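# Coordinate analysis (summary)
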Amino acid sequence: MFYISNLSVAVQDRTVLQNCSITFQLGKVYVIMGPNGSGKSSLAATIMGHQGYQILSGSMVFADTDIVAMPSHQRAIMGIFLGLQNPTEIQGLSVIHFLKELCSLRDGKAISVADMMQQVEPLLQLVGLPQSIMQRYVNVGFSGGEKKRFELLQMLLLRPKIAILDELDSGVDIDGLKDLANGLLWYRQQYPDTILVLVTHYRHILNYVHPDVIHIMIDGSLVAVGDSSLLDAIEKDGYEQYAKRS
Amino acid sequence: MQKGLNKQIVTQISAQKNEPSWMLDFRLKSLDLFEEKPMPSWGADLSDLSADDIHFYVKPIVEKRASWDDVPLEIQQTFERLGVPQAERTMLAGVSAQFESEVIYKRLKERWANKGVVFLDTETGLKEYPELFEKYFGTVIPPHDNKFAALNSAVWSGGSFVYVPAGVRIDQPLQAYFRINSASMGQFERTLIIAEPGSYIHYVEGCSAPVYRSNSLHSAVVEIIALPGAHVRYTTIQNWSENVYNLVTKRAIAHEGATVEWIDGNFGSKVTMKYPCIVLKGKQSKGQIVSIAVAGKGQHQDSGGKIIHLADDTTSNILAKSISKHGGRSSYRGLLKVAKNLKGIVSRVQCDALLLDELSRSDTYPTIDIAADDVDIGHEASVSKISDEQIFYLMSRGFSEQQAQAMIVNGFIDCFVQMLPMEYAVEINRLIELEMEDSIG
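Reading guide: rules and limits
Residue indices follow the written sequence of each chain, beginning from 1 at its first position. Lettering of chains starts at A and numbering of ligands starts at 1, both following the order in which they are written. Local features in this predicted model are restricted to residues of pLDDT 70 or higher, and side-chain atom pairs are both shown and tallied only at a pLDDT of 80 or more, whereas totals for entire chains, interfaces and linings draw on every residue. We call two residues in contact when their backbone-placed C-beta atoms lie within 7 Å. The secondary structure listing takes helices from DSSP runs of H or I that are at least 4 residues long and strands from runs of E that are at least 2 residues long, numbered from the N terminus. Here the term charged refers only to Asp, Glu, Lys and Arg, the term nonpolar to Ala, Val, Leu, Ile, Met, Phe, Trp, Tyr, Cys and Pro, and the term polar to all other amino acids, Gly among them. Scored between 0 and 100, pLDDT is the confidence that the predictor attaches to each residue. Domain segmentation is taken from an automatic or database assignment of domains. A strand pair is defined by DSSP finding two or more bridges across the two strands. The axes are straight lines fitted to the C-alpha atoms, using for helices just the contacting stretch, and the angles between their N-to-C directions are given from 0 to 180°. Three exposure classes are used. Buried residues have 20 or more other C-beta atoms within 10 Å of their own C-beta, exposed residues have 12 or fewer, and partly exposed residues fall in between, all C-beta atoms being placed from the backbone.

## A look at the interface of chain B and chain A
Accessible area lost during the coming together of the parts is what is often quoted as the interface size. Contact with chain B, which involves 18 residues of that partner, is made by 21 residues of chain A. Secondary structure elements with two or more residues in the side of chain B that touches chain A: α11 (388-395), α12 (401-412) and α13 (414-417) of chain B. Here the side of chain B that touches chain A takes 6 residues from α11 of chain B, the largest share from any one element. Split by residue class, the side of chain B that touches chain A holds 8 nonpolar, 6 polar and 4 charged.

Right, dumping it as structure tokens:
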């Protein structure tokens, strides 16, 4: 399980998360919804340990370890993955080299390009990326959809225990959405204990990946929690009903 | 030990090498020029390099046996980390030792010799091919070119002589370290490469392992003559110890339809001043200079490239990448010159600097002198830093901050590394990783 307790976070002097608490249980699908700027991405970045997010109070405990003081890469090695909303370009770093290093890191020993390709090839097909992507530089000149597919590919290769996907569904067409959803469903089937956290403000992807728990976030606070019936309430009355309450 | 650099020492060097009298004259005239010329004041700071010290540097003609234990610990450790075999370590660290690669070199030399290719140390070249030396030596870089070219001309010792006959193409790179055996790399090397029409040669010198010298001035001269339709690529990877002044003059002449490429990687040293030059003398000749410079603490890499267009339909390309860290300074100093009334000139110059911290510095000093109208010139310069988002991205995938930096820096120089033979490419990537280990506490 993964516990977030009473977490408050600031970016520079601005508080972006206030007193957030969530318990994530193994094998469940969580959705964090809310309007733009409500703090969803801040929560995701904070879980991953982004340096720009300063923790004012609270704790994050995963596998009996408080990860608050842990640098990002150690969190990743523990099994936390964050698929970014806007993955950054890295000029000159070829995808083939990057993925080889990624797999070597996962295995704790160097892996050959041939062995890496053997693992990557079926996954490329699953997430809908052409093999030619291997020759390109990481995220450089990728379309919005390609970036998201590439994030998912990395997740599938790293085999995280907690996968947080920040707006995986934004900037993606309907075919892309289906591919991404299929990738997630395949992964859940392979690793049923995975905690899947979808950060989104659309519900399209939820037609394919059914959530167990939905949290609503407004102005940096978690204001409501429930099952998928919350989706209908939002569909009907928007987020404002929660804003008023908070 | 004799004090000062004087006629007597120069005469002695020449006599020891049994040189023809014209070479002695050349050396003595060069010595006069060296003494006349002031220290260059336009580039890196050379004030700590006093002329009086130079006498020290000209003495080691006779090999002095040193032992591995005399090599500074820091250098020894770097060799360990790079995984360089012991035999190469001793050679590269300047400890005189018989080198196993003599055997390899002999075998390769036989193969090349069958095609008429000559690959010798410069002294032997002068003895065996005096007519080629009289015709070409000192013609691309005359002694009066600059103070250090004059110094090299006066006291040169070692270096390579390469001659490729017309139409002969050698696919395998000629590697200088095969040639260097018991005589370790000199500090005043003099290299002369003559590529006859239609030939191809790729010459590679250096190694990513740090080269330790107890003497602190390295001043080489490299001259290349690419005759019509010839193609010469000259690759240098150098990693000097931190006490070295590396002041090198490199120039090539490209005749009609010839191509010359300088691939130049500069690591280490206290000060490097090096601006490989290509004179595009013949129509439709092409020149390319691709370089990287890495400047660390207390280091100044003042490097770049010069292209001089002297004929119609000539093309040039300069790509210079620099990395500065720990307060290091890298400067790009370039010249692009197009002579009067030329047609069909195309040139691209791009210099990109990467600063790894706030203490480090990068400058660009491009000189563009265009006296013709029909030109297509592009010049781009950029200075960048590693962004927090890039570091976060890689760290979120499990790479440490240090690994993330190394991956980004290796990406930055990828276009350079692509130009290298495979084994060198691997070495350079590893070297960048080592440099990053040092740059994060």
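Let's pick the thread back up.
## Re the confidence of the model for chain B
Residues and elements named next belong to chain B. Of all residues in chain B, 80% have pLDDT values of 70 or greater, and the mean over the chain is 85. Note that residues 93-102 has pLDDT below 50 and, in this model, 29 contacts with residues that lie over four places away or in other chains. Counting interchain partners and residues more than four positions distant, the pLDDT-below-50 stretch residues 178-185 has 23 contacts. For this predicted complex, the interface score ipTM comes out at 0.96, alongside a pTM of 0.84.

## Section: the domain arrangement of chain B
Residue and element names in this part refer to chain B. According to the domain assignment, chain B consists of domain 1 (7-385) and domain 2 (387-441). Taken together, the contact between domain 1 and domain 2 spans 22 residues of the former and 17 residues of the latter. Of all the secondary structure elements, the ones that give two or more residues to the side of domain 1 that touches domain 2 are α4 (73-82), β8 (231-240), β10 (259-268), β13 (286-295) and β15 (315-324).

## Quick word on the sheet that holds strand β9 (residues 213-218) of chain A
Residue and element names in this part refer to chain A. Spatial ordering of the open sheet is given by β6-β7-β8-β3-β9-β10, a layout of 6 strands whose pairing is mixed. Since the sheet does not close on itself, it has two edges, and those belong to β6 (80-83) and β10 (221-226), each with one partner. Pairwise comparison of adjacent strand axes, ignoring direction, gives a mean angle of 20° for this sheet. The sheet contact formed by β6 and strand β7 (residues 162-166) spans 4 bridges and is parallel. From the neighbouring strand, G83 faces β7, where its bridge partner is L165. Along the sheet, helix α5 (residues 144-158) contacts β6 and β7; its crossing angle with β6, the most-contacted strand, is approximately 170°.

## Points about the sheet that holds strand β19 (residues 375-385) of chain B
All names here are of chain B. Pairing within the open sheet is parallel, and its 8 strands lie in the order β3-β5-β8-β10-β13-β15-β17-β19. A strand with exactly one partner marks an edge of an open sheet, and here the two such strands are β3 (174-175) and β19. Bridge analysis of strand β17 (residues 345-355) against β19 gives 11 bridges, and the strand direction is parallel. Of the residues in β19, the one forming a bridge with L355 is K385.

## Let's talk about the pairing of strand β2 (residues 160-164) of chain B
All names here are of chain B. Burial analysis of β2 places 5 of its 5 residues in the buried class, the great majority of the element. Burial of β2 is two-sided: the residues S160, V162 and V164 facing one way and the residues F161 and Y163 facing the other way are all buried. Judged from the 4 bridges that link them, strand β1 (residues 118-121) and β2 form a sheet pairing that is antiparallel. Residue V118 lies in a different strand from β2, and its bridge partner there is Y163. Note that β2 and strand β4 (residues 190-195) share 4 bridges and pair parallel. When the bridges of β4 are listed, F161 appears paired with L192.

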